[in-house]
Amino acid sequence: MVSGGDRVASDAANFLISCDLMPSIRLLPPSVVNKIAAGEVIERPASVLKELVENALDAGARRVDVTVEQGGVDLVRVVDDGGGIAPDELPLAVATHATSKLETADDLFRVRTLGFRGEALASIAEVSRFSLRSRQPDRPAGALLEVVGGQAGPVEPCGGPPGTCVEVRNLFFNTPVRRKFLRSTQTEMGHISESLTRLALARSDVHFTLRHNERLIYDLPASNDLLARVALFFGRELADDLLAVESCDGPNRLVGWVARPSQSRAHPRMQYLFLNGRHIRDRALQHALGEAYRGLLLTGRYPICFLNLEMPPDEVDVNVHPTKLEVRFQDGGRIYSQLLGTLRTKFLSTDLTHRLDPAGAAGSDGASEHDPEHAAKLRSELVDWAKGQLAARTPASAVSEPEAATAVAPARQAVLDLGVRLPGRPLELNPVPREWLPPAAESRPEVAPSNSPPSAFRVPPSASVAPVRALQIHDRYLVAESDEGVLVIDQHALHERILYEQFRERVLSGALESQNLLIPEAVDLSAADASLLMEHRETLAKLGVQIESLGGSTILVSSYPAMLAKLSPVEIVRAVVEPLAAAGRTPERRDMIDELLHMMSCKAAIKAGDRLTDEEVTALVEQRHLAQDTHHCPHGRPTALVFTRDDLDRQFKRI
Ligand SMILES: Nc1ncnc2c1ncn2[C@@H]1O[C@H](COP(=O)(O)OP(=O)(O)OP(=O)(O)O)[C@@H](O)[C@H]1O
Ligand SMILES: [Mg+2]
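Residues numbered from 1 in each chain as written. Chains lettered and ligands numbered in written order. Predicted model: local features only at pLDDT ≥ 70, side-chain atom pairs only at ≥ 80, totals over all residues. Heavy atoms only, no water.

(A) Looking closely at the overall build of the protein chain. Helix and strand counts for the protein chain come out as 22 helices and 22 strands. Counting over 655 residues, the protein chain shows a buried share of 50%. The long-range share in the protein chain, meaning contacts at least 24 apart out of those at least 6 apart in sequence, stands at 69%. On the protein chain, roughly 31200 Å² of surface is accessible, and the fraction owed to carbon and sulfur atoms is 53%. (Helix = DSSP H or I, 4+ residues; strand = E, 2+ residues; numbered from the N terminus. Buried < 20%, exposed > 50% of the residue type's maximum accessible area, 1.4 Å probe, protein only. Contact = heavy atoms within 4.5 Å. Areas by Shrake-Rupley, 256 points an atom, 1.4 Å probe, with all protein chains shown as cover.)

(B) Spotlight on the site of ligand 1. For ligand 1, the set of nearby residues contains 21 residues, the closest of which are Asn 55, Thr 99, Ser 100, Lys 101 and Lys 324. Here a nitrogen atom of ligand 1 and a side-chain polar atom of Asp 80 are 2.9 Å apart. Counting only elements with at least two residues in the shell around ligand 1, the list comes to helix 3 (45–58) and helix 5 (120–126). Across the shell around ligand 1, the residue classes break down as eight nonpolar, seven polar and six charged. (Near = heavy atom within 4 Å. Polar contact = N/O pair within 3.5 Å; in protein donor to acceptor, adjacent residues only side chain to side chain. Nonpolar A, V, L, I, M, F, W, Y, C, P; charged D, E, K, R; others polar.)

(C) Structural detail: the pattern of salt bridges. In the structure shown here, the tally under the stated rule is 27 salt bridges. Here Lys 35 and Glu 126 are joined by a salt bridge, their closest N and O atoms 3.5 Å apart. In this pair, Lys 35 is assigned in helix 2 (residues 30–41) and Glu 126 in helix 5, connecting sequence segments 91 residues apart. Note on Glu 126: relative accessible area 4%, which makes it buried. For Arg 117, the salt bridge is made with Glu 119, and the minimal N-O distance between the two is 3.4 Å. By relative accessible area, which is 13% here, Glu 119 ends up buried. Salt bridges here are not isolated pairs; linked through shared partners, they connect Lys 50, Glu 51, Glu 54 and Lys 324. (Salt bridge = Lys/Arg side-chain N within 4 Å of Asp/Glu carboxyl O.)

(D) Up close: empty space enclosed by the protein. One pass over the structure, following the stated rule, counts five cavities of 30 Å³ or more. For the second largest cavity, the calculated volume is near 70 Å³. Lining the second largest cavity, in full, are Leu 254, Leu 273, Phe 274, Ile 280, Leu 285, Leu 307, Asn 308, Leu 309, Ile 335 and Leu 339. Of all the secondary structure elements, the ones that give two or more residues to the lining of the second largest cavity are strand 11 (271–275), strand 13 (305–310) and helix 11 (332–348). Broken down by element, the lining of the second largest cavity gets its largest block of residues, three residues, from strand 13. (1 Å grid on protein atoms, 1.4 Å probe; cavity = no way out; pocket = protein on both sides within 12 Å on 5 of 7 lines; lining within 4 Å. Points joined across faces, edges and corners; volume = space filled by probe spheres on them.)

(E) A look at unusual backbone geometry. Backbone geometry at Gln 70 places phi at a positive 50°, although glycine is not the residue there. Considering the arrangement of structural elements, one finds Gln 70 in the loop between strand 1 (63–69) and strand 2 (75–80). We classify Gln 70 as partly exposed; its relative accessible area is 34%. At Asp 475, a residue that is not glycine, the phi angle is positive and equals roughly 55°. Mapped onto the fold, Asp 475 is located in the loop between strand 16 (469–473) and strand 17 (477–481). Assessed through its relative accessible area of 19%, Asp 475 is described here as buried.

Okay, structure coming up:
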């Protein structure tokens, strides 16, 4: 037997033996050096796009046209109208450590350009079939240089407009291992779009276009209005919810837009931070952002921002990360305070009350949810239902699909499943078609007592349901009397749990109804989120969410779960994308469905703070029997606390 100590000793001996066998040290050939460098700088097609567009911007381009094929794996072409490269300098442009952007070592500490290392083109040309065509504006013709896997051909004269065109084909064709790490076209395209988004947000004064497989994805005319560009990428809804911020601290200027707390995400990827026009990632600044929103956002939610920090280049070291994504500030504390202070001051001077979107607030029957008459009507229907008066009405199954979406009475019947309730609105009735109810339950008239909901989770006939005496307190808890004692129920948690069970059962039995939109709705997302959704399209279809890509960052929603009918397609798609993004790119399909079901039930459930009518309280409390395990909501919080009569008697010293 080998003891632990012996094993360590023998491992060490093996290591020494393998060291003995190690070949002698030698200089790596330039092609290997370049491939190693390429590995650091060029991870995927999106990195190629970034480097090429940065070069175009450094060359003073006013217009940059990007074309990609197969997510950039087959082709990334960037054409600019910048200053161009002299024919005799083309070989230098693709040589390692050759740059026009630095002269002395000191220049490294006052970098005013996006590139400065002189290694991007060399790295790209090492791992692709590369061509560089360039013409300076004052020359009658241009020149062309082709490089295949690091082997440069001769410089040849060529025509073409002033500016530069770089084509990168078959990325990683000579490094198959690297190529294997590439993901689906959709995913790579998501990265490409995200990369272009960052560059285009940093430079709204430049005209950008992006084409994928001949299809125009973005056409972003130059404008000095960053907000207009944000709206093009992420939709008007978000742009309208942004607050302008600006502050100066000595030579440092912070300028841009931050979202109202009503707009947040489950991930920090919508925090666009730029330093002198360079997209950066900075943990300290992200932290400052989080601090500024402290108390304004729920735990796990992240703010959204589009902020540029302008500062003297010698105050920051941009040479600390291979792709220059991270930087080191000379006085990080000062910038942290500036960001935090600017945002806090802004929030203090702004009315941050949530503004309801009037379009989204329109009811399914076209009446405004804020209309008191409409609200009263809904409530009286609910009361009718509670009194069992709706039981005799037309079954929802007799209503055709478009009507089902708008018909009020049949939808009200389904409140039995306790439908969606939006903040500040009366408890909404779920448009759950009656055919969702299990046939067995349907055919048992005796289990539809006048005061109990005919839901899929109806109490089994054998179970005796004593009428519940219950009371809502603080608009969030329900206090109910039971045979055993007193129950204090968290109204949101209980409703969420009930809906979760219902959703799950329907998904498992393949009976989750989706509601087709008469007019599919386009939803603008970030490019990365759009491609993430497209990747999980089939799973989403299982959950009743039918989507299609309109290209770029726009998704077309053609149907979604009927149980979520009171949410707008935008709300649903956003809510769906968040757990996906938070779960990473390859969550287990089952976990993902479960996660989405949690999200859907949470969204659909009534909230703490929603005042309920007595009938609504009764309906909800009666439903506590209907789910198998109502003691915990899907997030694991208890849904109810029980004080038994014995407990009470003991506390009051009766026993
Ligand atoms: N689109 C372009 N227009 C004009 N000149 C260009 C263009 N692309 C590259 N160049 C020239 O080629 C040189 C090498 O480009 P490359 O991207 O390899 O290095 P860099 O931009 O200097 O530094 P980095 O490696 O940090 O990007 C640049 O310094 C620039 O002079
Ligand atoms: Mg460069």
